[in-house]
Amino acid sequence: MLPIVALVGRPNVGKSTLFNVLTGTRDAIVSDVPGVTRDRQYGFGRGPVPYIVVDTGGLVEKPSGLEAQMRAQTERAVAEADRLILLVDARSGPTREDELIARELRRSGKPITLAVNKAEGLDAPVACAEFHALGLGEPLAIAASHGEGCRELIERALEGLAVAESREPSPSAIRVAVIGRPNVGKSTLVNRLLGEERVIASEEPGTTRDRILVPFRRDGRDFVLIDTAGVRRRARIENAVERVSVAKTLQAIDQAHVVVLLLDAHDSITEQDASVLGIALERGRALLAGVNKWDGIASDERAEIRRQLSLKLDFAPFVPLFFLSARHGTGVGELVHAVVRAFDASMREMPTPVLTRTLGEAVAAQPPPLVRGRRIKLKFAHQGGKNPPRIIVHGNQTASLPGAYERYLANVFRERFDLYATPVRMEFRTDANPYARRGRRRRADAERRAG
């Protein structure tokens, strides 16, 4: 299971900026106005080991109204985290709020790393000197807005923390994460697959508060189902506990081979559904979309629902849709067969000669564009990884290859190797010109002889 690192501190000390640096994204809103971050923001962090980083709202003394809700969110983040990073402002020095937050974090019993932000242009020992009074060990000076010291910070925060091994019964089992918003029928689907009431299913949204690993065997294959808690839209969050499951959902996506996004046929697909699907795509997981409660949809409405789903999921056209009823079992068998097919596709071996031949056929059918009057040349391809399949293409001027042509090649490889329901990662490398190297060596030899 991936460790969780929470970023904590008073408002406007740079937590969201640090979050963006650690995740390599711009997911967190960054502003000079205190209190922009209200809900917790989750992302996959980059560092010495994989981890999940949580951006929290600022903690203030004696909160009321919205600030009280922000504080409750931050307290939940601290409770679910394995490691804590307390951010303070080097320019303002330690404040009363910093002291109160440090005291509360010490009570959590979690390991704490103290980061002194906005230290660019300052002498690091001088910037950190006053913050020793917080009693959290050696402070580390960083400049999140410039990325300075952030790598050292996360290495210190994660020091000695090993990623726990997953505990599924069979190493060859296909790990399937069932994700989606509350009350779309995730637990009902798990129970239908197992043929027994192994997971609590309720009409009350948010019944599942944590991941539940459920092993089972079907048609000679071992599976581990990962049932995850749903996540409500922000406008419908009524209490802090409903947000605790977000990190668990990200952990489930990271652990899974295949992700099933479950939708409710009675509801339109939301921005949150698309966002979760995008996270799974980013992690390179094989993806299936199940449209549940299809039995309750009138026949004359089904065509329009199919059309709307196709439009809203057009950014992932390779994701197949399954229309099913978890309660009655309709379409569930087809979904299981699709999970196996998607897993096999994500782990497929692609021989280099066949990849290169397929590349040549694709280029012959649709040549790359000209760049400054010269044609981009793609020479050969080989496999660079699995889950997701990664194909490395070598050639000349590959940095100028348009995105549309990359997608064209990905689709060609997907069709040729039956890479069903899985994203295809394309990597292009420009080979060094051997004649240019030879010419440089000759000139260098001539200069040495002349000297």
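Residues numbered from 1 in each chain as written. Predicted model: local features only at pLDDT ≥ 70, side-chain atom pairs only at ≥ 80, totals over all residues. Heavy atoms only, no water.

*Asks:* How should the packing of helix α11 (residues 352-365) against helix α12 (residues 403-416) be read in this particular structure?
*Replies:* When two helices pack together, their arrangement is captured by the angle between the axes and the distance separating the axes. At a minimum axis distance of 10 Å, the contact between α11 and α12 shows a crossing angle of 130 degrees. Classified by the angle between their axes, α11 and α12 sit oblique to one another. In terms of crossing hand, the pair formed by α11 and α12 is right-handed. Contact with α11, carried on its side by V354, L355, T358, L359, A362, V363 and A365, involves Y405, Y408, L409, V412, F413 and R416 of α12 and no other residues of that element. Of the residues assigned to the contact of α11 with α12, the class counts are 11 nonpolar, one polar and one charged. (Axes fitted to C-alpha atoms, helices over the stretch in contact; angles between N-to-C directions. Helix = DSSP H or I, 4+ residues; strand = E, 2+ residues; numbered from the N terminus. Parallel < 35°, antiparallel > 145°, perpendicular 65-115°, else oblique. Left-handed = near helix turned anticlockwise from the far one by under 90°. Contact = heavy atoms within 4.5 Å. Nonpolar A, V, L, I, M, F, W, Y, C, P; charged D, E, K, R; others polar.)

*Asks:* Just checking my understanding: could you explain the environment of D273 for this structure?
*Replies:* Here D273 lies in helix α8 (residues 271-282). Placed 40 residues apart in sequence, D273 and L313 show a C-alpha to C-alpha distance of 9.7 Å. For D273, the contacting residues outside a window of four places in its chain are R181, L261, L263 and S268. Engagement of the side chain of D273 in a polar contact is seen with the side chain of R181, the distance being 3.0 Å. (Polar contact = N/O pair within 3.5 Å; in protein donor to acceptor, adjacent residues only side chain to side chain.)

*Asks:* Honestly, the sheet that holds strand β1 (residues 4-8) in this entry has me stumped. Any pointers?
*Replies:* The strands that make up a sheet are held in pairs by hydrogen bonds between backbone atoms, and each pair lies either parallel or antiparallel. Taken together, six strands build an open sheet; the order of strands is β2-β3-β1-β4-β5-β6 and the sheet is mixed. Where the open sheet ends on each side, the last strands, each with one partner, are β2 (41-45) and β6 (140-141). Of the pairings in the sheet, the one linking β1 to strand β3 (residues 51-55) comprises four bridges and is parallel in character. Within the sheet, the bridge partner assigned to I4 lies in β3 and is I52. Where helix α3 (residues 96-108) meets the sheet, it contacts β1, β4 (83-89) and β5 (112-117), and its direction lies at approximately 175 degrees from that of β4. (Pairing = 2+ DSSP bridges.)

*Asks:* Just to check I follow, could you spell out the pairing of β1 for this structure?
*Replies:* Along any regular strand, the residues point their side chains to alternate faces of the sheet. For β1, a buried count of five out of five residues is recorded, marking the element as mostly surrounded by other parts of the structure. Residues I4, A6 and V8 line one face of β1 and the alternating positions V5 and L7 line the opposite face, and both faces are buried. As defined by bridge partners, β1 adjoins β4 across four bridges and the pair is classed as parallel. Paired with V5 across the two strands is R83, which belongs to β4. (Buried < 20%, exposed > 50% of the residue type's maximum accessible area, 1.4 Å probe, protein only.)

*Asks:* Any chance you could explain helix α5 (residues 150-158) here in plain terms?
*Replies:* Every α-helix winds through 3.6 residues per turn, so residues three or four apart in the chain are directed the same way. Those residues of α5 that sit buried are C150, L153, I154, A157 and L158. Looking straight down α5, one finds its buried side chains confined to an arc of 115 degrees; they lie on one side. Count one or two residues on from α5 and you reach G160, which has phi positive near 80 degrees. (Arc of directions from axis to C-beta.)

*Asks:* Teacher, can you tell me more about the environment of N191 here?
*Replies:* Mapping N191 onto the fold places it in helix α6 (residues 186-194). A relative accessible area of 6% places N191 in the buried class. Separated by 23 residues in sequence, N191 and V214 have C-alpha atoms that sit 9.8 Å apart.

*Asks:* Explanation requested: the packing of α6 against helix α10 (residues 332-346) in the structure shown.
*Replies:* With their axes 11 Å apart at the nearest point, α6 and α10 run at an angle of 85 degrees to one another. Classified by the interaxial angle, the pair formed by α6 and α10 is roughly perpendicular. On α10, the residues that touch L189, R192 and L193 of α6 are V332, L335 and V336. Split into classes, the residues belonging to the contact of α6 with α10 amount to five nonpolar, no polar and one charged.

*Asks:* Teacher, can you tell me more about the environment of L287 here?
*Replies:* Here L287 lies in strand β11 (residues 286-292). For L287, a relative accessible area of 0% gives the class buried. In sequence terms L287 and V319 are 32 residues apart; their C-alpha atoms lie 5.8 Å from each other. In this view, L287 contacts V259, L277, A280, L281, V319, P320 and A421; residues no more than four positions away in its chain are not counted.

*Asks:* How should unusual backbone geometry be read in this particular structure?
*Replies:* Both trends apply: most residues other than glycine have a negative phi, and most peptide bonds are in trans. In this structure, P388 follows N387 across a cis peptide bond, with omega equal to 10 degrees. Mapped onto the elements of the fold, P388 is located in the loop between β15 (377-385) and β16 (390-396). The backbone of D418 shows a phi angle near 50 degrees, a positive value even though the residue is not glycine. You can see D418 is positioned in the loop between α12 and β17 (425-430). Phi angles above zero are rare outside glycine, and A421 is one such case at about 60 degrees. Tracing the backbone through its elements, the reader meets A421 in the loop between α12 and β17. Judged by its relative accessible area of 2%, A421 is buried.

*Asks:* Please explain the side chain of T56 as it appears in this structure.
*Replies:* Along the chain, T56 falls in the loop between β3 and α2 (66-80). Within the local environment of T56, its side chain forms a polar contact with the backbone oxygen of L7, the two atoms lying 2.6 Å apart.

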